[in-house]
Amino acid sequence: DASVFASGDQLVHICHRHEPPVRNELRVVRRDEERIVVDKPSSLPVHPCGRYRFNSVVYVLSRTHKVQALPVHRLDRLTSGVLVLALNASAARSIGDQIQAHTVSKHYLARVKGEFPLQTATKSEGPALFSSFEVPSEIIVDQNPSWVLCDEPLVCVNKRVGKFDVGAGGKESRTEFRRLSYNGRTSVVLCRPLTGRTHQIRVHLRALGFPIANDPSYGGKLCRGNTVLETRPCDAAVVDAFERRVRAEVDEICPECSHNNEQYIPADPHTKGELYCSEIWLHAICYAGDGWSESVPPPSWAMPDFDDENYLKDVDPNSLEPV
């Protein structure tokens, strides 16, 4: 029968749905009265967005550390590394003002396709602002490489999916790169974004001809290594810990299917068998501002002996384990 809605009526639709899987190894690096600093894993978004709510840095910190953290900068969902969050409005304004004034230095690591050049004609000396950061010695193989500058403007080419490219008339964007190692297939590169555009490092690396090797959105590939979450095995200790969190009402088991939002599964079930990208080789290793500096260790894929050849092998969607 037809129904007439009156002012103030609500139409509620309920469906059984789980958020896409994420890694939940969110490590707190430091906490004081002003800020909390975490080492964000790839696959975990910073704040609720799209299909993600429970599985976000802000919600995880609320559940596990009982804090209402305020993001003052962002990392892409697939990017890992250092993330600074304020614990009060004053700290958020202070750090936000520094970012707006371009006085916060940022360093990232990326592993890219091919042999990134040691020396080029378009090189930059790098501003003194970044001189306080020292690259961990264990990931340095190349000696005395030059900084390579990319200053192509960025334009949004697809607003629906949020995809960008270089192009005339776009927003001013500048990134500097320096090679740290090359293993015959891929190069590890230190990246310094001097402006803060969305996907800036990813787009500039592709524009230079050296895309992040496992970034399917910008010239890389979807492969064996980035289509699984590769988290620790679900052994008895993990199960016991989860059951304790349920009893403490930190986590909940879904009454419909007995799953929980932190279970590790090899692919997003809502893609109906399609591959699900869990990470790209882009890692924020250091953020520093006026009177503060926060850094995290380099990831395993940045090490000179990392097995990128096995990681980048093709994977058959039909071989994924059933969920």
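Everything below is about the structure shown above.
What counts and how
- Residues numbered from 1 in each chain as written.
- Predicted model: local features only at pLDDT ≥ 70, side-chain atom pairs only at ≥ 80, totals over all residues.
- Heavy atoms only, no water.
- Buried < 20%, exposed > 50% of the residue type's maximum accessible area, 1.4 Å probe, protein only.
- Helix = DSSP H or I, 4+ residues; strand = E, 2+ residues; numbered from the N terminus.
- Pairing = 2+ DSSP bridges.
- Phe/Tyr/Trp six-rings, centres within 6.5 Å; stacked < 30°, edge-to-face > 60°.

Describing helix α3 (residues 200-208)
Within the sequence span of α3, burial applies to Gln 200, Ile 201, Arg 202, Val 203, His 204 and Leu 205. Trailing α3 by a residue or two, Gly 209 shows a phi angle of about 95 degrees, which is positive.

Concerning the pairing of strand β9 (residues 163-166)
Pairing between strand β8 (residues 154-158) and β9: four bridges, direction antiparallel. The partner of Val 155 across the bridge, within β9, is Asp 165. Taking the residues that link successive antiparallel strands as the turn, the β8-β9 hairpin has four residues, and the phi of Gly 162 there is positive, at about 70 degrees.

Considerations on the packing of aromatic side chains
One pass over the structure, following the stated rule, counts seven aromatic pairs. Between the aromatic rings of Trp 281 and Trp 301, the centroid separation amounts to 6.3 Å while the plane-to-plane angle is 35 degrees, which identifies the pairing as tilted. Of this pair, Trp 281 sits in the loop between α4 (236-247) and β12 (282-289) while Trp 301 is found in the loop between β13 (292-295) and α5 (308-311), placing the two residues 20 residues apart along the sequence. Just as Trp 281 is buried, Trp 301 falls in that class too. Centre to centre, the rings of Trp 281 and Phe 306 are 5.6 Å apart; their planes meet at 90 degrees, and the pair counts as edge-to-face. Here the residue Trp 281 occupies a position in the loop between α4 and β12, and Phe 306 occupies one in the loop between β13 and α5, the gap between them amounting to 25 residues.

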